[in-house]
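Listed below are the residues making up each chain.
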Amino acid sequence: PPPPPTPPTQMASQRPRRTAPPVDYREQLETRHHGHAGKRSAQAHVAVNTSEKSAGLAKEREESGKKRSKPASKPEESARQLVKVEQRKPSPQQAGDPLSQLEAARPDLAASWRAEKKSVWIVSKNIGDAIGVIVARLLAVNTTFVSVTLMYNNLGDEAGRALAEALKSNKTMSNLSLDKNQLGDGAGTALAEALKTNLSLQHLSLNYNPLGDMAGRALADALKTNKALQRLDLKDCPLGDEAGKALGVALGTNKTLRFLTLDGSQLGDGAGKALAEGLKSNASLAVLSLDSNQLGDEAGLALGEAIETNKTLQFLSLDKNRLGNDAGKAIAVALSTNSTLESLHLKNNELGDKAGLALADMLKTNTTLTTLSLENNMLGDEAGMNLAEAVKINMTLRSLDATKNRISGEVKELILRAGENRFCLFV
């Protein structure tokens, strides 16, 4: 038969409280006094020893407190600092491979390395130097990425140097874009040093970084020996005139660079003349952009001479400089014999009728130019009439921009009728 049910356990509050029997301390004392005298003396001896020990402990505490109040000696301070440094050491997982570090710090970026793609796009993630160094370590051993974009990420010189080290060992990356970061001369010189040995990178973009004279001259020096780079973008980098001169010298010997962007690089006439001199012997550059610098008549005249002899340049942009009439006329004369330049941009250069007449005459004989921008200059009706005649004759021009000049509405109509249904006219 089944056992009888167990009675429910009583609640703690319902259980009867156990009370100890009353103790007659007087009787115990008398018993100890009469029958246990030896035991009482032993207890007294223990009590004395206990008080002595407590007194010793108190003395030790007092002495230790005095020691703490004293300033630590230099060996003690160094020992404490060593303990602190050892405590800050990363865990074994953090000190492992860079991919584990990236997964721990930024798992959203680690997915880019897990996917088997030929490009990585990390834009506007504000990764900073710490994550930038980890990314550089990954790129140093990566064998799949061809294009790497790290724009708008607040990368500084530390990350820039790490990326330069990665370029020394990476053999597959052909495109690296570092626009809109905080790379200074330290990063620029390190990247230039890497370019001297790198054989795979073809496009390096450093637009909108605070690269100065030192970085500019280092990059120029690298271009003298580099045999792989085809495009270098340095827009709005404050390189200065001396760095521009060094780049001009490098153009004279470089045989691979095809695109060079130096817009807003604080170049003056000295840099302009050096670049023009380099163009005379250069046999590879196809695109040169020098917008928003301080190029004047001297630079313009030198560039005119270079265009006359250069056989490879196809695109030249000189927008927002101070060329003036003499430089404009020199460039027009050069284009009368040049047979390679296809696109010329002279926006906002203080060009008047003298330069406008020369450019119109050039268009009557030139057979290669397809785009001409003369926006925001000082061309009048005389130059406008000649442009209308040139448009009727020229059969290769496809785009002419003469807006924001001093050409009257009647002359504008003549230009538009002359080139209707053949190309884009903006007057």
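Computed from a predicted structure; not experimentally measured.

(A) Representation of the sheet that holds strand S7 (residues 287-289) in the model. In space, the 12 strands of this open sheet follow the order S1-S2-S3-S4-S5-S6-S7-S8-S9-S10-S11-S12, with parallel pairing throughout. Only two strands of the sheet have a single neighbouring strand rather than two, namely strand S1 (119-121) and strand S12 (424-426). In this sheet, neighbouring strand axes are inclined to one another by 5° on average, regardless of whether the strands run parallel or antiparallel. Two elements, strand S3 (residues 175-177) and strand S4 (residues 203-205), share 3 bridges in a ladder whose sense is parallel. In the strand pairing of S4, asparagine 175 is matched with histidine 203.

(B) Highlighting helix H15 (residues 381-393). For H15, spanning 13 residues, the distance from its first C-alpha to its last is 19 Å, which sits close to the expected 18 Å at 1.5 Å a residue. Looking at H15, one finds that the buried residues are Ala383, Gly384, Asn386, Leu387, Ala388, Ala390 and Val391. The secondary structure elements touched by the buried residues of H15 are helix H14 (353-365), strand S11 (399-401) and helix H16 (409-418).

(C) Fine view of the pattern of salt bridges. In this structure the tally under the stated criterion is 15 salt bridges. A salt bridge links aspartate 108 to arginine 106; the nearest nitrogen and oxygen atoms lie 3.1 Å apart. Among the salt bridges present, the one from lysine 280 reaches glutamate 305, with a minimum N-O distance of 3.4 Å. Residue lysine 280 is found in helix H11 (residues 269-281), and its partner glutamate 305 is found in helix H12 (residues 297-309); the two are separated by 25 residues along the sequence. Among the residues examined, lysine 280 registers a relative accessible area of 35% and is labelled partly exposed. Relative accessible area serves as the criterion here: at 45%, glutamate 305 is assigned to the partly exposed category. Residues participating in the shared-partner salt-bridge network are Glu193, Lys196 and Asp221.

(D) Structural detail: helix H9 (residues 213-223). All of the buried residues in H9 are Ala215, Gly216, Ala218, Leu219, Ala220, Ala222 and Leu223. For H9, the secondary structure elements touched by its buried residues are helix H8 (185-195), strand S5 (231-233) and helix H10 (241-251).

(E) Up close: the packing of aromatic side chains. Scanning the model with the defined rule gives 1 aromatic pair in all. Ring plane angle 85° and centroid distance 5.5 Å describe the contact between tryptophan 113 and phenylalanine 145, whose orientation is recorded as edge-to-face. Of the two residues, tryptophan 113 sits in helix H5 (residues 107-114) while phenylalanine 145 sits in the loop between helix H6 (128-141) and strand S2 (147-149), which places them 32 residues apart along the sequence. Under the relative-accessibility criterion, tryptophan 113 is labelled buried at 13%. For phenylalanine 145, a relative accessible area of 2% gives the class buried.

(F) Summary view of the packing of H12 against helix H13 (residues 324-335). Running from amino to carboxyl end, H12 crosses H13 at an angle of 0°, the nearest separation of the two axes being 8 Å. As judged from the angle between their axes, H12 and H13 are roughly parallel. Here Asp297, Gly300, Leu301, Gly304, Ile307 and Glu308 of H12 come into contact with H13, specifically with Gly324, Asp326, Ala327, Ala330, Ile331, Ala334 and Leu335.

(G) Spotlight on the environment of aspartate 241. The topology assignment puts aspartate 241 in helix H10. For the pair aspartate 241 and glycine 270, spaced 29 residues apart in sequence, the C-alpha to C-alpha distance is 6.5 Å. Residue contacts for aspartate 241: discarding those within four places in its chain leaves Gln266, Leu267, Gly268, Asp269, Gly270 and Ala271. Engagement of the side chain of aspartate 241 in a polar contact is seen with the backbone nitrogen of glycine 268, the distance being 2.6 Å.

(H) Local environment of unusual backbone geometry. In this structure, aspartate 236 takes a positive phi of about 55° despite not being glycine. In this fold, aspartate 236 is placed in the loop between S5 and H10. Residue classification places aspartate 236 among the partly exposed residues on the basis of a relative accessible area of 35%. In this structure, lysine 320 takes a positive phi of about 60° despite not being glycine. By secondary structure assignment, the location of lysine 320 is in the loop between strand S8 (315-317) and H13. Accessibility expressed as a relative area gives 44% for lysine 320, which makes it partly exposed.

Thresholds, definitions, all that
Residues numbered from 1 in each chain as written. Predicted model: local features only at pLDDT ≥ 70, side-chain atom pairs only at ≥ 80, totals over all residues. Heavy atoms only, no water. Pairing = 2+ DSSP bridges. Helix = DSSP H or I, 4+ residues; strand = E, 2+ residues; numbered from the N terminus. Axes fitted to C-alpha atoms, helices over the stretch in contact; angles between N-to-C directions. Expected span 1.5 Å × (residues − 1). Buried < 20%, exposed > 50% of the residue type's maximum accessible area, 1.4 Å probe, protein only. Contact = heavy atoms within 4.5 Å. Salt bridge = Lys/Arg side-chain N within 4 Å of Asp/Glu carboxyl O. Phe/Tyr/Trp six-rings, centres within 6.5 Å; stacked < 30°, edge-to-face > 60°. Parallel < 35°, antiparallel > 145°, perpendicular 65-115°, else oblique. Polar contact = N/O pair within 3.5 Å; in protein donor to acceptor, adjacent residues only side chain to side chain.

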